[in-house]
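Given next are the chains, with one letter for each unit.
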Amino acid sequence: MEQANIQMTEPGVSRADLAKLLAQALGNEKASDVVQKAASKLGIRRDPLDKGQALSVLEQIAQTPGLVGITARFAKSRLHLR
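The structure presented is a predicted model; accordingly, all values stated were derived computationally and were not measured. (Residues numbered from 1 in each chain as written. Predicted model: local features only at pLDDT ≥ 70, side-chain atom pairs only at ≥ 80, totals over all residues. Heavy atoms only, no water.)

A. Layout of the overall build of the protein. Helix and strand content of the protein: 4 helices and 0 strands. Taken from the N to the C terminus, the helices and strands of the protein come in the order α-α-α-α. Burial statistics for the protein: of 82 residues in total, 37% are counted as buried. (Helix = DSSP H or I, 4+ residues; strand = E, 2+ residues; numbered from the N terminus. Buried < 20%, exposed > 50% of the residue type's maximum accessible area, 1.4 Å probe, protein only.)

See the structure below:
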């Protein structure tokens, strides 16, 4: 009897979920805007993103000076713990 090769994958991370990680410090509108711009800059069009893409988006945002970058670095840590 042949067994099916079932691969368990992690659920995706939506752009809205990424924005929620940033929204408390930045506000909803600013958080959504920076996530969209970073994903676009990286050429990521899909939604939801896989975890690697989500981390790449946050890394892109983390390069921004000031509160935006600091918030993204904390969000990366939280995403790693998921």
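B. Unusual backbone geometry, seen in detail. Looking along the chain, the bond that leaves Asp-47 and enters Pro-48 is cis, with omega of 10 degrees. Here Pro-48 lies in the loop between α2 (28-41) and α3 (51-62).

C. A look at helix α4 (residues 67-81). Given a rise of 1.5 Å per residue, 15 residues ought to cover 21 Å, and the 22 Å separating the end C-alpha atoms of α4 matches this to within 8%. Of all the positions in α4, only Val-68, Gly-69, Thr-71, Ala-72, Ala-75, Lys-76 and Leu-79 are classed as buried. The buried residues of α4 occupy an angular sector of 155 degrees when projected down its axis, which confines them to one face. Seen from the buried face of α4, the exposed residues on the opposite side, beyond 90 degrees, are Leu-67, Phe-74 and Leu-81. Along its buried surface, α4 packs onto α1 (15-26), α2 and α3. (Expected span 1.5 Å × (residues − 1). Arc of directions from axis to C-beta. Contact = heavy atoms within 4.5 Å.)

Remember that the coordinates give geometry; whether it matters functionally is a separate question.
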